[in-house]
Amino acid sequence: MSGRWTCRFVGVFTGLCALMVSVDVSAQCVTTRSDQEGPYYRTGAPYRPNMRIPGDGPLLTLTGRVLNTQCQPIPYAWLDFWHADRAGVYDNDSPQYRYRGYQFADENGEYVLETIVPGLYPGRPAHIHVKVDAATTPMLTTQLYFPGQGGVTGLFVTAQTLPGGDMVAQFDFVLNANQPCTAPAITQQPVGATVAVGGTISLSVAGTGATPLLRQWRRNGVDLSDGGRISGAQTPTLTISDAQPQDAGAYECLLANSCGAALSAVATVVVPAGVGDLNCDGVVNFDDIDGFVIAVTGQAAYAAAYPDCEWLSGDIDGDGAVTFDDINGFVGCLTTGTCP
Ligand code: FE
């Protein structure tokens with residue numbers, strides 16, 4: 001705003017005016033300073049935007065952005081956080097990598113870390129260690145500190161303690177995005193499959209692109225994360241064990257770095273429900289009775305009640321529809337636990 005008004009006053013000095021306008025509109029963000037890595041960094045921490053362990057606290061939610069020195073977001077920057085537990089102790093050797101994990105900022109450069117307020121250990125104010133890197137930047141290794149507890153100028157989060165003791169905090173990282181970068185490209189598409197209940201779904205993607213490179217598998221447009229039967233949700237190969245009918249769907253993998261993103265082709269996975277398994281939980285038992293009762297009223301009603309399941313799993317006699325003729329067969333399924 002000041003640039004425009006200044007230009008009206010300076011009038012004919014157009015060169016000066018252009019210079020002033022360009023200075024006026026090009027915001028400058030100061031590169032985040034580095035701080036010592038310390039002795040406790042471990043490579044190999046898992047993808048883990050949420051580092052909380054059930055039952056612990058007080059909770060800390062740290063949000064912010066990763067920006068370049070023009071204050072523009074750096075999409076898909078990689079952030080690797082680690083900090084002490086409530087007792088001030090680092091997990092230096094367990095396979096759980098407690099309070100350690102990496103994540104990627106989103107397409108707007110925004111990140112969210114869900115964790116706990118780190119504990120104190122002798123000689124240090126409370127702090128969170130972090131490495132931040134993007135395909136266009138050098139890696140930053142630094143630490144974040146909390147207001148009023150000591151620390152390094154320029155590395156204090158903006159924090160607010162909530163009633164009850166939990167904390168929300170904010171910090172924007174600024175990196176010098178001055179390196180050339182190769183955008184991701186898919187070189188091998190995932191291939192869909194029909195997988196029997198109890199089988200293993202395995203989907204792979206291959207691609208190129210400068211690192212750090214995010215790989216994110218999605219099912220029906222929803223990002224997947226590891227846990228339970230799912231592993232590799234942020235790796236080239238997604239694996240889902242003990243396949244269930246609700247695992248069926250349209251799978252794709254996003255490859256993204258700070259220069260661009262590429263979405264794989266859709267791989268359609270089909271997991272046919274077994275005959276008699278009306279609630280498609282993988283077994284035929286009395287829990288399927290409700291589904292069968294609805295199935296005999298028609299396919300539409302069944303689809304509304306069991307959107308992830310297959311109406312024809314109630315077609316015990318194999319005539320192409322679920323009708324009262326299937327009742328005797330279904331009762332037989334329930335008594336034996338399997339359908340003929
Ligand atoms: Fe430390």
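> Quick rundown of the pattern of salt bridges? Include the residues and the values.
Opposite charge on two side chains lets them pair, provided their charged atoms get close. Within the structure shown, the criterion is met by eight salt bridges. D223 is the salt-bridge partner of R218, the closest N and O atoms lying 3.1 Å from each other. For R218, a relative accessible area of 21% translates into the label partly exposed. Taking relative accessible area as the criterion, D223 reaches 46% and is therefore assigned partly exposed. Of the charged contacts, one joins R229 and D247 as a salt bridge, the two residues approaching to 2.7 Å between their closest N and O atoms. On the criterion of sequence distance, the pair formed by R229 in the loop between β15 (222–223) and β16 (230–231) and D247 in the loop between β17 (237–240) and β18 (249–257) is long-range, its members being 18 residues apart. Exposure remark for R229: the relative accessible area of 27% places this residue in the partly exposed category. Here D247 falls in the buried class, since its relative accessible area comes to 3%. Residues joined in a network through salt bridges with shared partners are R42, D91 and R98.

> Give me the lowdown on the state of the cysteines, citing residues and values where you can.
What makes a disulfide is a covalent bond joining the sulfur atoms belonging to two cysteines. Using the criterion set out here, one finds four disulfides in the structure. Two residues share a disulfide in this structure: C29 and C71, whose sulfurs sit 2.0 Å from each other. As the torsion about the S-S bond is roughly 120°, the C29-C71 disulfide counts as right-handed. On the criterion of sequence distance, the pair formed by C29 in the loop between α2 (14–25) and β1 (59–67) and C71 in the loop between β1 and β2 (78–82) is long-range, its members being 42 residues apart. Assessed through its relative accessible area of 19%, C29 is described here as buried. Given the relative accessible area of 22%, C71 is considered partly exposed. Note on C253: no disulfide assigned, nearest cysteine sulfur contributed by C181 at a separation of 17 Å.

Thresholds applied
Residues numbered from 1 in each chain as written. Predicted model: local features only at pLDDT ≥ 70, side-chain atom pairs only at ≥ 80, totals over all residues. Heavy atoms only, no water. Salt bridge = Lys/Arg side-chain N within 4 Å of Asp/Glu carboxyl O. Buried < 20%, exposed > 50% of the residue type's maximum accessible area, 1.4 Å probe, protein only. Helix = DSSP H or I, 4+ residues; strand = E, 2+ residues; numbered from the N terminus. Disulfide = S-S within 2.5 Å.

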